[in-house]
Amino acid sequence: MNGYLIFILVTFVGHFPQNVWCQKGPPSRKPLPRISPLLSNLFLARFNKTVDKFQPAIEKEIGFCTEDVKKDFHGAFDFQGRDRFFQKCHEQMPDLPVRMCTVSELKVYFTSFLRNAGDKSVSESHFLEPNRNCNLTSWSAGCEAGWASAANPGQNYDYNETNPKRMPFRTTNSKPCCEGFFCPEGLTCMIPCPLGAHCPVAKLNPTSGICSPYRYQLPSGKVNHTCGAADMWVPVHLGNEIFCDPGYYCPTTIKKIECPRGFYCRMGSRVKYRCFVGTQCDKGTEIPSMQVFGFLLIVLLTAILIVVYNCSDQVISTRYEKQAKSREAAAKYARETAQQRQKSRASKDAWKPSGLQGLQETLSRTFSRTKTKSSTGPISSHVNKKETHSIDDNLENDKSSNLENGDKNMNTKHARKASKELHTRSQIFKYAYGQIEKEKAMDGMNMMFGEEDVFFRKRPKIEVAFKELTLTLKGNRKNIMRCVSGKILPGRISAVMGPSGAGKTTFLSALTGKISGCNMSGMILINGKNESIHSYKKIVGFVPQDDIVHGDLTVEENLRFSARCRLSADIPKADKVLITERVIESLGLQGVRDSKVGTVEKRGISGGQKKRVNVGLEMVMEPSLLILDEPTSGLDSASSSLLLRALRREALEGVNISMVVHQPSYSLYKMFDDLILLAKGGLTVYHGPVEKVEEYFAGMGITIPDRVNTPDHLIDILEGITKPGGNVTAQQLPIRWMLHNGYRVPPDMLHLCDENGSSSSSHAESVEHADSQREVEKYNYFTTPDLSGRVTPGVLRQYRYYMGRVAKQRMRDARVQAADYIILLLAGACLGTMAEVSDVSFGYTGYQYTVIAVSLLCMIGGLRTFSLDKLQYRRESASGMNSLSYFLAKDTMDLLNVVMKPLVYLCMFYFFSYPRSSFESNYLVLLCLVYCVTGISYTLAISLEFSQAQLWSVLLPVVLTLIANQDKSSAVSLVSQFVFPRWALEAFVTANAKEYTGVWLMTRCAALKKFNFDIHSSKKCLCYLMATGMGCRIVAFICLMSRVAWL
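Remember, predicted model here, so these are calculated numbers, not experimental data. (Residues numbered from 1 in each chain as written. Predicted model: local features only at pLDDT ≥ 70, side-chain atom pairs only at ≥ 80, totals over all residues. Heavy atoms only, no water.)

## A word on the overall build of the chain
Going by this rule: Numbering of helices and strands runs from the N terminus; a helix is a DSSP stretch of H or I covering at least four residues, while a strand is a stretch of E covering at least two. Throughout, exposure labels follow a simple rule: accessible area from a 1.4 Å probe, protein chains only, divided by the maximum for the residue type, with under 20% read as buried, over 50% as exposed, and the rest as partly exposed. Working definition of accessibility: Shrake-Rupley area with a 1.4 Å probe, residue cover restricted to the visible protein chains.
When you go through the chain residue by residue, the secondary structure sums to 32 helices and 21 strands. Put simply, the chain has 1047 residues, and 54% of those count as buried. For the chain, the exposed area adds up to about 46,300 Å²; of that, 56% sits on carbon and sulfur atoms.

What follows is the structure, encoded as structure tokens:
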């Protein structure tokens, strides 16, 4: 069909003779030397008029390979100013108008070419199907290749006739075809050669008998039969005889000029093209040597990447050095101010009478704190706890930014207002360290009145009560926790202990709604109400057992980011810095605050310090409920004591703290308020104050030996290492606890009850009756309303915070990014050298390699965006941080790679292969392709494990490209229309095909028909690529949210 299309366009050449020659008699033999402008102008006028008339039909037949019918055909047959060959031919043949092919004859040529030539050999493409003048029974003189005949005199011609059966008879006055025309074998008329062709009169080669430069031979047995001009116009792979030779340019179809020095001329060129500056183009150059540009770009980009590789950390380090100096100056200023204040106070006190001084101390003690009683524990023992009011100092914004004391409860709002007015880094640090020094001074003063008389800010309280909490595995229905009842209270630190397999971590995970793969029964009450713990997730902190911390960030960066995103949005920046600095100091992390945490591959801070950073991530958000899973594992006694003191400070502010602890020391054990002791199978052995542990077990005859740590001895009993003593076994301890507190005993455990006590027996019976009446309540994990009362920063604000964090991570990961770019440079240079752009396929092979290589490399690189910090994201999202901000920040930062990677690759590939299409058009296609495959890599990275995602990233580009190359007859071809390599290849090839005009029109249509491409689909393919990239990003975000919901 593509040849048919060309035929329809060129066929209209036959329309112009009716305006030039309409008489029935023989034409005049007088030469008309100035007739050529008239002929060419009439030809162009009639041609344009015919194109306008038949434009819908032309577009229907060959619209897939003509971007603009008028423009394409005018570019192929615009002989204005190039009509010398018309004059020469008219001088030789005054009857030139009637020798030109009509519409019907052109139709015979092009339809026969499509039907018989196609992808056949060059020799087969010379022959046409039999027609009225040239058939099996008659073969006139004009039927030879390169010859044409005049129309027989006395005929009535209708040049608009398209029926081949009514074509005019041409059997007289046969002559060789004029230069600038081509006369196909089997057709007795002449057709003008398109622009970009060179159609001189052939010369006979006496040795071979071939008319050179063409491939046809003279007919045998005909004396004085000479060679004519060209014999055919076909796609270049079937014959390139009429194409202007490489290294030459043909301003007209009869003139060929060698390309001068400093210019280059491709095959089929009408004009010469100036070479780029710095390239060497000798005389007759076809393609300039652009490898010089390629090598220069390799050197330049490599140098830039080396600088980035070596200096990426230095940029951030310089900034932190300045920040550290400002922080040290602020800390020094705060210490000096505190010392001066103490000296001033001491001097004032020295001049006061002793009686007044004692009265002032008494009043200060009376009005500086308030004592309250805490709630009762599970064993009905009252433990008095002091809850103190928060103290916020009033900041007076004077010239020296001095921090003065005032009445704390009265001036809290004023201090908050003053902190909002702080903007510079030094002011913020002075404020933060001034507050910390005041807190230290007040802690020292209050130590005189009691260890716990310290001023702290109040927080919302969360009390968690649980009743008959039972967890059962979904698969084998095995109980991993049974009938756990009790309560954890605000302002108290509860230690969860027990042997391995007792379900300690499972118990805390169930309280925080993080358990999965289990069916839960029982009841969990938050502040006495049946509400979801997820409703309070913004003020609930969960410290996992593993140290899930960003290893490529410093200690301070990790803590400050958590404070920014999780603290209330209305807290000023200065107060957030204060909270962060307070946590750093309380956890003893001052010495490593500017050190990167480190990963498994890159060494950072020590394991104990990383554990404290893991805890600090939750402390900086000022939680009301803090759950810790083995925070002291791997810590020495000093680090564990430091951590417990920091948590004790949190508890004094009203925080409900519960943690899993393994084998604590005696001093550490005494720092806990409550103990939750679990046996294997998730059964409660004890839940109450630490002070009552020994008393409770002594009542059953179990005594703790001297110099033996209480929890160690109890765990040894539960493990079966040590016998409990008395009249009880280790298996009966959970039952004794249930009976002691009046809890329900499961029916399958009634045989462990003490049968000697009548009260126990009667209670067991009542329990059995209660079991038959009990209804199991299921816990709901789905999204619930926010009841925390805290408004954290919105999407845009968190997006800004995430952008800053991702930018730092990318800067520190610049070496990996540089390696990606170097690989792209090498791939572009290699593929550009090996896969030269072919004029036959318009560079299809090279672009195919490009699609595979770029897709594969960019997809593997895109996996790192979401694969490497999955655990960190799950922790952050579970704490209430915004997932949309996280995703958008990652995607936005990746846009730099989306823009730069195509540019880096194309700088090599384009200048080594140098296609005819522009750099900009190739870059646009690559940009859309990289955006598409990056979105696909997001989906793979989020929904699959990293190893599986890598495998799919390698397979997808290769397999889909093979599918895109399937033949139309294949069943897979239906799928090939919907794969991204197909869209990218079509956009590449059509962008290149648009640059092939004039004599290349036949080649363009043949190639596009072979690949089943449409020249109008370039923009549509780019839209498909962008839409696929956007759609995959939406799917990736949905997968991101779904995986969080599953967790």
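## Some words on the pattern of salt bridges
Applicable threshold: Only one rule defines a salt bridge in this text: a Lys or Arg side-chain nitrogen within 4 Å of an Asp or Glu carboxyl oxygen.
Across all of its chains, the model carries 32 salt bridges by this definition. We note a salt bridge from Asp245 to Lys256, for which the minimum N-O separation is 2.8 Å. Here Asp245 is found in the loop between β6 (211-212) and β7 (248-252), whereas its partner Lys256 is found in strand β8 (residues 255-258), with 11 residues between them in sequence. Asp245 sits in the partly exposed class, given a relative accessible area of 31%. In this structure, Glu618 and Arg875 form a salt bridge, with 3.0 Å as the shortest nitrogen-oxygen distance. Of this pair, Glu618 sits in helix α15 (residues 607-619) while Arg875 sits in helix α25 (residues 870-878), placing them 257 residues apart in sequence. Within this structure, Glu556, Arg560, Glu581 and Arg593 form a network of salt bridges that share partners.

## Quick notes on the packing of aromatic side chains
Put simply, the test is: Centre distance within 6.5 Å is the pairing criterion for rings of Phe, Tyr and Trp, where only the six-membered ring of Trp is used; planes under 30 degrees apart are then read as stacked, over 60 as edge-to-face, and the remainder as tilted. For a Lys NZ or an Arg CZ to count as sitting over a ring, it must be within 6 Å of the ring centre and within 35 degrees of the ring normal.
Scanning the entire structure with this criterion turns up 35 aromatic pairs. Seen in terms of ring centroids, Tyr910 and Tyr914 are 5.8 Å apart; in terms of plane orientation they differ by 80 degrees. Their pairing is edge-to-face. Tyr910 sits in the buried class, given a relative accessible area of 8%. Note on Tyr914: relative accessible area 7%, which makes it buried. Lying across the ring of Tyr248, Lys256 places its NZ or CZ 4.9 Å from the centre.

## Looking at the confidence of the model for the chain
So the rule is basically this: How sure the predictor is of each residue is captured by pLDDT, a score from 0 to 100. We call two residues contacting when some pair of their heavy atoms lies within 4.5 Å.
Residues with a pLDDT of 70 or more make up 77% of the chain, whose mean pLDDT is 77. The spread of mean pLDDT over the elements of the chain runs between strand β12 (residues 384-385), the lowest at 36, and helix α27 (residues 919-943), the highest at 95. This stretch, residues 1-34, has a pLDDT under 50; its non-local contacts, to residues over four places away or in other chains, come to 109 contacts.

## Considerations on the sheet that holds strand β13 (residues 464-473)
Quick note on the threshold: The rule for pairing is simple: two strands pair if DSSP sees at least two bridges between them. Every axis in this analysis is a line fitted to C-alpha atoms, fitted for helices over the stretch in contact. Angles between the N-to-C directions lie between 0 and 180 degrees.
Reading across from one edge, β14-β13-β16 is the order of the 3 strands in this open sheet, with antiparallel pairing throughout. Each edge of the open sheet is held by one strand with a lone partner, namely β14 (479-488) and β16 (518-526). Taken over all neighbouring pairs, the strand axes of this sheet differ in orientation by 5 degrees on average, direction set aside. Inspection of the sheet shows β13 paired to β16 by 8 bridges, in the antiparallel sense. Within the sheet, the bridge partner assigned to Leu471 lies in β16 and is Met520.

## Considerations on the sheet that holds strand β17 (residues 540-543)
Spatial strand order, β17-β18-β19-β15-β20-β21: 6 strands in an open sheet with mixed pairing. Of all the strands in the sheet, the pair left with one neighbour each is β17 and β21 (683-689). Pairwise comparison of adjacent strand axes, ignoring direction, gives a mean angle of 15 degrees for this sheet. In terms of strand pairing, strand β15 (residues 493-497) meets strand β19 (residues 656-660) through 4 bridges, oriented parallel. Each bridged residue has a counterpart across the sheet, and for Ser494 the counterpart in β19 is Ser658. Sitting on the sheet, helix α19 (residues 710-719) touches β15, β20 (674-679) and β21, and the angle it makes with β20 is about 20 degrees.

## Some points on a nonpolar patch on the surface
Where we set the bar: Every patch collects residues that have over 30% relative accessible area and no salt bridge, joining them within 9 Å if they carry like charges and within 5 Å if they are nonpolar side chains (Val, Leu, Ile, Met, Phe, Trp, Tyr).
On the surface, Leu951, Leu955, Val958, Val959 and Leu962 cluster together into a nonpolar patch covering about 400 Å² of accessible area. Positionally, Val958 belongs in helix α28 (residues 946-964).

## Notes on the environment of Gln435
On the secondary structure map, Gln435 appears in helix α11 (residues 425-446). Sequence-wise, Gln435 and Arg582 are 147 residues apart; in three dimensions their C-alpha atoms are separated by 9.2 Å.

## Description of helix α14 (residues 573-586)
The condition is simple: For a helix, the expected span equals 1.5 Å multiplied by the number of residues minus one.
Between its first and last C-alpha atoms α14 spans 20 Å; for 14 residues at 1.5 Å apiece the expected length is 20 Å, and the two agree. Counting buried positions over the 14 residues of α14 gives 11, a clear majority of the element. By the burial criterion, the buried members of α14 are Ala574, Asp575, Lys576, Val577, Leu578, Ile579, Thr580, Glu581, Arg582, Val583 and Ile584. Positive backbone phi, at 70 degrees, marks Gly588, one or two positions downstream of α14.

## A short note on the nonpolar core
How we decide: Here, nonpolar core refers to any group of buried Ala, Val, Leu, Ile, Met, Phe, Trp, Tyr and Cys residues whose side-chain atoms link them within 4.5 Å.
Core analysis: the biggest nonpolar cluster contains 138 residues, and Phe181, Met190, Ile242 and Phe980 have the highest contact counts within it. When residues of this core are assigned to their parent elements, the largest contribution, 15 residues, is made by α27. Discounting residues that sit within four places of it in the chain, Ile242 has contacts with Gly196, Ala197, His198, Cys199, Tyr214, Ala230, Met232, Trp233 and Val999. In terms of nonpolar packing, the next biggest core, distinct from the first, is built from 58 residues, Ile584, Ala651, Val655 and Ile717 among them.

## A word on the state of the cysteines
Selection rule: Any pair of cysteine sulfurs within 2.5 Å is marked as a disulfide.
Applying the stated criterion across every chain, the model contains 9 disulfides. What pairs with Cys65 in a disulfide is Cys1005, and their sulfur atoms sit 2.0 Å apart. What sets the handedness of the Cys65 and Cys1005 disulfide is the S-S torsion sign, and at about 70 degrees it is right-handed. Residue Cys65 is located in the loop between α3 (55-62) and α4 (69-77), and its partner Cys1005 is located in helix α31 (residues 1001-1011); the two are separated by 940 residues in the primary sequence. Take Cys65: its relative accessible area is 0%, and that puts it in the buried class.

## Concerning the side chain of Glu876
Here is the rule we go by: Definition of a polar contact: a pair of N or O atoms within 3.5 Å, with one able to donate and the other able to accept a hydrogen when the atoms are protein atoms, and with sequence-neighbouring residues admitted only if both atoms are side-chain atoms.
In this fold, Glu876 is placed in helix α25. On the basis of relative accessibility, which here comes to 10%, the residue Glu876 falls in the buried class. Side-chain polar atoms of Glu876 contact the side chain of Tyr802, separated by 3.4 Å. In contact with Glu876, not counting residues within four places along its chain, are His550, Phe561, Tyr802, Arg805 and Met881.

## Concerning the pairing of β21
As a general feature of sheets, a regular strand has side chains that alternate between the two faces. Counting buried residues along β21, 7 of its 7 residues qualify, which places the element largely inside the surrounding structure. Pairing analysis gives 6 bridges linking β20 to β21, with the strands arranged antiparallel. Bridge pairing links Leu678 to Thr684 in β21. The hairpin formed by β20 and β21 contains 3 residues between the paired strands, and Gly681 there has a positive phi angle of roughly 95 degrees.

## Quick look at unusual backbone geometry
The step from Ser212 to Pro213 runs through a cis peptide bond, and the omega angle for that step is 10 degrees. Considering the arrangement of structural elements, one finds Pro213 in the loop between β6 and β7. Phi angles above zero are rare outside glycine, and Gln663 is one such case at about 45 degrees. Relative to the elements of secondary structure, Gln663 occurs in the loop between β19 and α17 (666-669). With phi around 60 degrees, Asn1012 is a residue other than glycine that occupies positive phi space. In this structure, Asn1012 sits in the loop between α31 and α32 (1018-1046). On the basis of relative accessible area, Asn1012 is assigned to the partly exposed category, the value being 33%.

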